[in-house]
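Spelled out, the chains give:
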Amino acid sequence: MNDSEAATALKQAECLYTDEQVQLAINQIASEITKKLSKRNPLVLCVMTGALIPAGHILTRLNFPLQLDYIHATRYQGDTRGGVLNWLVKPTIPLRGRDILIIDDIFDEGITLSEIVKFCSVNGANDIFTAVLVNKIHNRKTKLQVDFIGLETEDKYLFGYGMDYHNYLRNAAGIYAVKE
């Protein structure tokens, strides 16, 4: 895919949530996180690269002390189908004894997020919480229960607000479904 093909994909895509609707969902996630974690000195882990944009928006709404690190584990690597989990970067701040908030872009099947939760647990985290901007509704999920969810969508290939389509369109201001 190149930039002109990405521009065409954006023009043809279905907008499921506008920027304004996404911002309202982010406000709600941040409010719920604040109620649960504001007194717990959490370590927030941003799952790269997809969660970069939602995490940035959520973090600016969390008005309490926290630390931020990132983790980069991916099954997609620019493809539209997940494969083997590839660990690219692990957090540099120790997880032992910490309450962890993992922020990801989407809860699709949950394989990557489940592995990240397991990694945090094995490395001594106290309580582990998860937040996703989008929960995709279907019956192929792992048993993981996400703590904070912004929006829900049908089982379509999505992009925007951090989610990509062939490594393009993460910066789209809204949640879009690729034209089938």
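Coordinates for the structure precede this section.
None of the values given here were measured: they were computed from a predicted structure.

Undergrad: Can you walk me through the packing of aromatic side chains in this structure?
TA: Within this structure, the stated rule accounts for 4 aromatic pairs. Between Trp-87 and Phe-119, the aromatic rings sit 5.2 Å apart at their centres with planes inclined by 40°, giving tilted as the arrangement. Note that Trp-87 is positioned in strand S4 (residues 86–89) and Phe-119 in helix H4 (residues 111–122), a separation of 32 residues in sequence. Its relative accessible area of 29% is what places Trp-87 among the partly exposed residues. The aromatic ring of Phe-107 is capped on one face by Lys-141, whose charged end is 4.1 Å from the ring centroid.

Undergrad: Mind showing me how you'd approach the pattern of salt bridges here?
TA: It is possible for side chains of opposite charge to pair when their charged atoms get near one another. The full count for this structure, using the stated rule, is 8 salt bridges. Of the charged contacts, one joins Arg-40 and Asp-127 as a salt bridge, the two residues approaching to 2.3 Å between their closest N and O atoms. Taken as a pair, Arg-40 in the loop between helix H2 (19–37) and strand S2 (43–47) and Asp-127 in the loop between H4 and strand S6 (128–136) lie far apart in primary sequence, 87 residues in all. On the accessibility criterion, Arg-40 (28% relative accessible area) is partly exposed.

Undergrad: For this particular structure, what's the right way to read the sheet that holds strand S1 (residues 14–18)?
TA: Within a sheet, neighbouring strands are paired by backbone hydrogen bonds and run either parallel or antiparallel to one another. With antiparallel pairing, the 3 strands of this open sheet are ordered in space as S1-S9-S8. Every other strand in the sheet has two partners, leaving S1 and strand S8 (158–159) as the edge strands with one partner each. Here H2 sits on the sheet and contacts S1 and strand S9 (174–177); the angle it forms with S1, its principal contact strand, is near 45°.

Undergrad: I tried to follow the side chain of Asp-99 on my own but got confused; where do I start?
TA: With respect to the secondary-structure elements, Asp-99 resides in the loop between S4 and strand S5 (100–107). Judged by relative accessible area, which is 11%, Asp-99 ranks as buried. Here the side chain of Asp-99 touches Asp-127 through a polar contact of 3.2 Å, landing on its backbone nitrogen. Excluding anything up to four places from it in sequence, Asp-99 contacts Arg-40, Asn-41, Pro-42, Leu-43, Asn-126 and Asp-127.

Rules behind the numbers
- Residues numbered from 1 in each chain as written.
- Predicted model: local features only at pLDDT ≥ 70, side-chain atom pairs only at ≥ 80, totals over all residues.
- Heavy atoms only, no water.
- Phe/Tyr/Trp six-rings, centres within 6.5 Å; stacked < 30°, edge-to-face > 60°.
- Helix = DSSP H or I, 4+ residues; strand = E, 2+ residues; numbered from the N terminus.
- Buried < 20%, exposed > 50% of the residue type's maximum accessible area, 1.4 Å probe, protein only.
- Lys NZ or Arg CZ within 6 Å of the ring centre and 35° of its normal.
- Salt bridge = Lys/Arg side-chain N within 4 Å of Asp/Glu carboxyl O.
- Pairing = 2+ DSSP bridges.
- Contact = heavy atoms within 4.5 Å.
- Axes fitted to C-alpha atoms, helices over the stretch in contact; angles between N-to-C directions.
- Polar contact = N/O pair within 3.5 Å; in protein donor to acceptor, adjacent residues only side chain to side chain.

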